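Secondary and tertiary structure notes
Read off the chains here:
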Amino acid sequence: MPRPPGFALVRAVRWLVPRHLRDAWLAEWEGELAWGWQRAERGENLSAARARLHWRALGASSDALWLWRRHGATEMIGFDLRYAARSLRRRPGFVAVVVLTLALGAGAAAAVFSLVNGVLLRPLPFSQPERLVAIQGRATGGDPEAVSQPSSYLDYQDMRAQLRGFEQLAAVRGEDVTLTAPGARPARIGAQLVTASAFPALGMRPVLGRPFLASDERPGAEPVAMITHALWQRRYGGSPAVLGSRITLDGAPATVVGVLPDEARLTPETEIWLPLVPGPAEESRATHRFTVLGRLRPGVTIERAAREASAVAKRLEERYPSENAKRGAAVIPLREAIVADARPALLTLFGAVLLVLLIGCANLASLFMARAQSREREMAVRAALGAGRARLTRQWVAESFLLALGGGAAALAVAWVGMRTLVAFVPTAIPRAGEIALDQPVAAFLIGVMAVAAIGFGALPALQYRDASVSLGALREGGRGATPGRRRRRMRQGLVVAEVALATVLAISAALLVKNLWQLERARLPLRPDGVTFVQLQLPQGRYSDPAKVLDFFDRLRREVAAAPGVRSVSFAFEHPVSEGWTSSFSLVGRPEPPVGMWPESRIRPVSPGYFRTVGLPLVRGNDVSDADRFGTPGSVVVNEAFVREHFPDGDAVGQTINRGQMWWPGQPTHFRIVGVVADEPFRGVGRPADPATYYPQAQFPMNDMWMAVRADGDPAALARTLRERVWRVDRDLPVERVQTLDELLGDAVAASRFNAALLALFACAALCLAAVGIYGVLSYGVEQRTGEIGVRMALGASRARVIRQIAAEGAAVATAGAALGLVAAFALAGVLRSLLVGTEAQDPVVFALVPTLLVAVAITAAWLPARRASRIDPAGALRCER
């Protein structure tokens, strides 16, 4: 007879009903549902009746729960927990292994999840952050390098006037400013130059004072500033009198009008906010240095906003073909714009630690299954005395629950230590690192992992007893223990194969990153970093607005530093050797002029004479820039080898002329003759190919922000103190905060690669050890269960060497199968690592050959101990035990 609709739901919750009431309860519900279905078949709409009966069946759950509470099931849970505690107390070794494995696996996973949650998942600390987006430049001509993501101020104004899907649109630009005060050392702090619309766009309100007004952006308006809560507390003692006070920024006074909360920052370095007052640079549509962010109107999707922004960008391209050629617009969530670069590395690390957790859980699953088999007689006795399958299952779950509870508490401590360690060593390139914490999402993640572990480890032994005849058979055998069935042995071997496969994937990934780091650190740089120290100098525009003042400062400083003891050479450069800087377009005299928007780009790196000698960068051909290259003289420029490869692959670049097309300062040349060629600096990162670069003479390309390079003998720390003193002899109010040796700068350039490789290598070692332990455990248990069989074989003439070979071969077979599966998986997933590798193939054949070989060797070693023990079995004793 077919079951009435909804009866499956009733059966699903029947286990809540005490066993002695279950049959009657099921019969009552079946009768009620059947009666309802019979009535429906006499004329009612069958679809509606079926839905009504399913809805009625949902009431069975509350009914079952009432019976469960009414008839003392809760007391049985307490009894199960007490029994489970007594059972576990008799096996401290088993408990220690399970708790330790869960603590290390789940704790490490929770620590890395705190990193992922703090950087990638946590909403931005602004009102309704899901409506915040960034509008970025996007190349429509197929060359992403040809269009920068920031926008010009004029493009921002046009977008603000034409875009209708945005409630607010704002322009933002970050820079450093010098904060000076009487009696205090000048400090270089992070600032954000913003339009007044930035505060309503971000949903930010000051905790004290007022936000910026539109009138603050007008040229000639009284300079004002807003400071962060941290700066207010640290520098002004939290006094409300800071409002209206005058501070000095880059040598110019400004009035503090407000204090902003610390959590409302676009970057961790931001400590002061300034109104964006348009200057001469903002009058050029070709100067792209502003991030445009906006708040969508309620109900407007990102896709609709993107279509609207693209249409505006198309109109701007048609109207300004020389400045906006091939320039489109993309709208992306603001959080994605901030963390996009960090996402691949963090997700790779999180995936790696999850693999370690899975390998540990596979080990524990094998351990639980072995323990369940050893307790088969106990379960059989309880079944014979009337305990049902649900009762036995509840007992297993109670034990796994207590173990998960202990493992979870220990994992919380491991997660806290791990999180603190990650925060201490996380590279500065990872955004939002200050928001990493053990918060509610991390706790929920940990609880979820433990809940799955408790249910899974409790269900595994119960699955072994789904055939009641197995248990009764064990009881009839009188407690000698059941011979392991083929199905159970295959299950345990399958778990080990999965462990080895996961370990192979993880070990190959770690090996690729370690090889990549090894190559980066051994990369042959064209520099001589020993004895070279760099000092960042940022001359405030308020006091150094004239190029003559800028050049005079650097000239006096060079003389001061050159006279210091131990100094061998001094020079200046716009960037240090591992800093990208920015690019500018140019054309080559004598070549056909490229189409609009297709002019080539090169890195702009003004340097003073002697810079190449100071950092040890070889001059491949021609000459260095010289002191004779000044304003009013013909322009000179040195290019790098990448420039020559791209623009003069078959000819000599020296003697050719570059046309920059515009002058930034009166008297600056627009045409520069190439006088020399130098080797490539690693300014895009160690190991990465260099872009074409142009080294203009500092005197013909004066910049306020420069780095001073000093080659000197002696202690770098003592040199740093000397350099600060020499700088302050020339300008007492100039902050000197970033003083680093070239070795330190090169180390910072590979810090992210080192962090990723170290963590992944740690996880891979853990996975390798766990896989070895898993193989050892399975083979040891197999030897123990097969003692009689091995004894018989040895009694019939099998040698010890043959027994060892057989056991070791079993371990090698399991490891080989796992390594083969892992090899295929690693090959398929290699593309995930591609963005983290520089100069190393994601499918490196050496790594893909060596790692599985190493894993199989470790597995055979792990199998040797149980094989050796099997070879020492006394045949006579084994046969007596079998008898």
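This text gives an overview of the structure that appears in the document. (Residues numbered from 1 in each chain as written. Predicted model: local features only at pLDDT ≥ 70, side-chain atom pairs only at ≥ 80, totals over all residues. Heavy atoms only, no water.)

Quick look at the overall build of the protein
As a reminder, the rule being used: Segments assigned H or I by DSSP are reported as helices when at least four residues long, segments assigned E as strands when at least two residues long, and all are numbered from the N terminus. Accessibility here uses a 1.4 Å probe with only protein chains present; expressed as a share of the type maximum, an area under 20% marks a residue as buried, one over 50% as exposed, and anything in between as partly exposed. The contact criterion used is simple: two residues touch if any of their non-hydrogen atoms lie within 4.5 Å. Using a 1.4 Å probe, the Shrake-Rupley method yields the accessible areas, and only the shown protein chains count as cover for residues. None of His or the chain ends enter the tally, which takes Lys and Arg as positive and Asp and Glu as negative. Just so you know, the charge point we use is NZ for Lys, CZ for Arg, CG for Asp and CD for Glu.
Scanning the protein from N- to C-terminus turns up 27 helices and 22 strands. The principal-axis extents of the C-alpha atoms in the protein amount to approximately 105 × 80 × 60 Å. Burial statistics for the protein: of 883 residues in total, 49% are counted as buried. Put simply, of all contacts in the protein between residues at least 6 apart along the chain, 80% involve residues at least 24 apart. For the protein, the accessible area works out to roughly 41200 Å², and carbon and sulfur atoms hold 57% of it. Between the centroid of the 103 positive side chains of the protein and the centroid of its 79 negative side chains there is a distance of 11 Å.

A short note on the nonpolar core
Quick reminder of the rule: Think of a nonpolar core as a cluster: buried Ala, Val, Leu, Ile, Met, Phe, Trp, Tyr and Cys residues, connected wherever their side-chain atoms sit within 4.5 Å.
One finds V119, L346, L506, L760 and F763 to be the most contacted residues of the largest nonpolar core, which totals 87 residues. Every element with two or more residues in this core is listed here: helix 6 (92–121), helix 12 (343–374), helix 14 (389–425), helix 15 (440–464), helix 17 (486–521), helix 23 (751–785), helix 25 (800–833) and helix 26 (845–871). The element that contributes the greatest number of residues to this core is helix 12, accounting for 14 residues. For L346, the residues in contact, after removing those within four places along its chain, are L115, V116, V119, L120 and I430. Counting residues in each nonpolar core, the second largest holds 44 residues, with Y544, V570, F643 and V730 among its members.

Thoughts on the side chain of T270
Definition in use: Two N or O atoms form a polar contact when they lie within 3.5 Å of each other; inside protein one atom must be a possible hydrogen donor and the other a possible acceptor, and for residues adjacent in sequence the pair counts only when both atoms belong to side chains.
In this fold, T270 is placed in strand 8 (residues 270–275). Here T270 falls in the buried class, since its relative accessible area comes to 1%. A distance of 3.3 Å separates polar atoms of two side chains, one belonging to T270 and the other to Q192. Polar side-chain contacts of T270 include one of 2.6 Å to the side chain of T267. In this view, T270 contacts G190, Q192, T228 and R265; residues no more than four positions away in its chain are not counted.

Overview of the pairing of strand 9 (residues 291–296)
As a reminder of what qualifies: Note on pairing: DSSP must find at least two bridges between two strands before they are called paired.
When you tally the buried positions in strand 9, you get five out of six residues, the bulk of the element. The sheet contact formed by strand 1 (residues 132–139) and strand 9 spans four bridges and is antiparallel. Paired with I135 across the strands is V292, a residue of strand 9. Alignment of strand 2 (residues 166–181) against strand 9, held across six bridges, turns out to be antiparallel. The partner of L169 across the bridge, within strand 9, is G294.

Concerning the pairing of strand 21 (residues 705–712)
Among the eight residues that make up strand 21, seven are buried, leaving the element largely enclosed by the rest of the structure. Alignment of strand 11 (residues 532–538) against strand 21, held across seven bridges, turns out to be antiparallel. Across the sheet, residue V535 finds its bridge partner in strand 21, namely M708. With six bridges connecting them, strand 12 (residues 567–573) and strand 21 associate as antiparallel partners. Each residue of the ladder has a partner; that of A573, found in strand 21, is W707.

Concerning the pattern of salt bridges
Going by this rule: One side-chain nitrogen of Lys or Arg within 4 Å of one carboxyl oxygen of Asp or Glu is enough to make a salt bridge.
Across all of its chains, the model carries 29 salt bridges by this definition. Put simply, R605 and E681 hold a salt bridge, and the shortest N to O gap is 3.2 Å. Taken together, the residues span a long stretch of sequence, with R605 in the loop between strand 15 (601–604) and helix 19 (611–615) and E681 in the loop between strand 19 (671–678) and strand 20 (693–695) at a distance of 76 residues. You'll find R605 and E681 in the same group, each marked buried. Each of D155, D158, R285 and R327 takes part in one network of salt bridges that share partners.

Some words on a negative patch on the surface
What counts here: Candidate patch residues must exceed 30% relative accessible area and have no salt bridge, after which like charges are joined if within 9 Å and Val, Leu, Ile, Met, Phe, Trp or Tyr side chains if within 5 Å.
A surface patch of negative charge is lined by D176, E269, D705 and E737. Tracing the backbone through its elements, the reader meets D705 in strand 21.

Structural notes on the packing of helix 6 against helix 14
Applied cut-off: Only the contacting stretch of a helix is used when fitting its axis, a line to C-alpha atoms as for every element, and angles between N-to-C directions run 0 to 180 degrees. Any angle from 65 to 115 degrees is called roughly perpendicular, while one under 35 is roughly parallel, one over 145 is roughly antiparallel, and all others are oblique. Crossings are classed by handedness, with left-handed meaning an anticlockwise turn of the near helix from the far one by less than a right angle and right-handed meaning a clockwise turn. Amino acids are sorted into nonpolar (Ala, Val, Leu, Ile, Met, Phe, Trp, Tyr, Cys and Pro), charged (Asp, Glu, Lys and Arg) and polar (every other residue, Gly among them).
At a closest axis distance of 6 Å, the pairing of helix 6 and helix 14 adopts a crossing angle of 40°. Taken together, helix 6 and helix 14 sit at an angle that is classed as oblique. Helix-helix and strand crossings are classified by hand; for helix 6 and helix 14 the assignment is right-handed. Its residues assigned to classes, the contact of helix 6 with helix 14 shows 20 nonpolar, five polar and no charged.

Notes on a nonpolar patch on the surface
On the surface, a cluster of nonpolar side chains totalling about 350 Å² of accessible area is made up of L9, W55 and L58. Along the chain, the position of L9 falls in helix 1 (residues 7–12).

Examining the environment of S62
Position of S62 among the secondary structure elements: in helix 4 (residues 59–70). Here S62 falls in the partly exposed class, since its relative accessible area comes to 45%. Along the backbone, S62 and L16 are 46 residues apart, and their C-alpha atoms lie at a distance of 9.9 Å. A distance of 2.9 Å separates the side chain of S62 from the backbone oxygen of G59, its partner in a polar contact.

A look at unusual backbone geometry
Positioned with a positive phi, Q128 is a non-glycine residue whose angle comes to about 45°. Structurally, the position occupied by Q128 is in the loop between helix 6 and strand 1. With relative accessibility at 41%, the residue Q128 sits in the partly exposed group. One non-glycine residue, K326, lies in the positive phi region at around 60°. You can see K326 is positioned in the loop between helix 10 (302–319) and strand 10 (327–333). Given a relative accessible area of 39%, K326 falls into the partly exposed group.

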